[in-house]
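Listed below are the residues making up each chain.
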Amino acid sequence: QVQLVESGGGLVQAGDSLRLSCAASGYTFSTYVMGWFRQAPGKEREFVAAISWSGGRTYYADSVKGRFTISRDNAKNTVYLQMNSLKPEDTAVYYCAASYNMNARASDYDYWGQGTQVTVSS
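Residues numbered from 1 in each chain as written. Predicted model: local features only at pLDDT ≥ 70, side-chain atom pairs only at ≥ 80, totals over all residues. Heavy atoms only, no water.

Caption draft 1: Fine view of the side chain of Asn 103. Along the chain, Asn 103 falls in the loop between strand 9 (92-99) and strand 10 (109-112). Since its relative accessible area comes to 11%, Asn 103 is described here as buried. Polar contacts involving the side chain of Asn 103 include one to the main-chain amide nitrogen of Arg 105, which spans 3.0 Å. At 2.5 Å, the side chain of Asn 103 forms a polar contact with the side chain of Asp 108. Those residues within four positions of Asn 103 in sequence are excluded, and the remaining contacts are Phe 47, Ala 50, Tyr 59, Asp 108 and Tyr 109. (Helix = DSSP H or I, 4+ residues; strand = E, 2+ residues; numbered from the N terminus. Buried < 20%, exposed > 50% of the residue type's maximum accessible area, 1.4 Å probe, protein only. Polar contact = N/O pair within 3.5 Å; in protein donor to acceptor, adjacent residues only side chain to side chain. Contact = heavy atoms within 4.5 Å.)

Shown next as structure tokens:
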């Protein structure tokens, strides 16, 4: 049974940092691209970042480039999202997801976690 479990969300102030983790099980983690998406209330789910199966390539949404860093540890079946210089507009539920394809289309991701809430106060 495939499981993706996010953790690390919380309430922080603008300018603070958070690190999200996503622990995967039930499939061969090291052969999948991993991505992070987010969804704010009343908005569509949007792409945040993706990382190739080896970790050698990364891809970011323009809105987070330079502030967020995606990484993975295949030995631990875990993907991370380091979020620095957080802004109120980063407030959303953050989801990790797995795909064979390195892109920003949510429809291409096969497995999804339940999400973790990130709230940034001004």
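Caption draft 2: Structural detail: the sheet that holds strand 1 (residues 3-7). The strand order across the open sheet formed by four strands is 1-3-8-7, and the pairing between neighbours is antiparallel. Each edge of the open sheet carries a strand with a single partner, namely strand 1 and strand 7 (68-73). The mean angle between the axes of side-by-side strands here comes to 15 degrees, regardless of whether they run parallel or antiparallel. (Pairing = 2+ DSSP bridges. Axes fitted to C-alpha atoms, helices over the stretch in contact; angles between N-to-C directions.)

Caption draft 3: Broad picture of the pairing of strand 9. For strand 9, a buried count of seven out of eight residues is recorded, marking the element as mostly surrounded by other parts of the structure. Here strand 9 pairs with strand 11 (residues 116-121) via three bridges, running antiparallel. Paired with Val 93 across the bridge in strand 11 is Gln 117. As paired elements, strand 9 and strand 10 share three bridges and run antiparallel to each other. What sits directly across from Ser 99, in strand 10, is Tyr 109.

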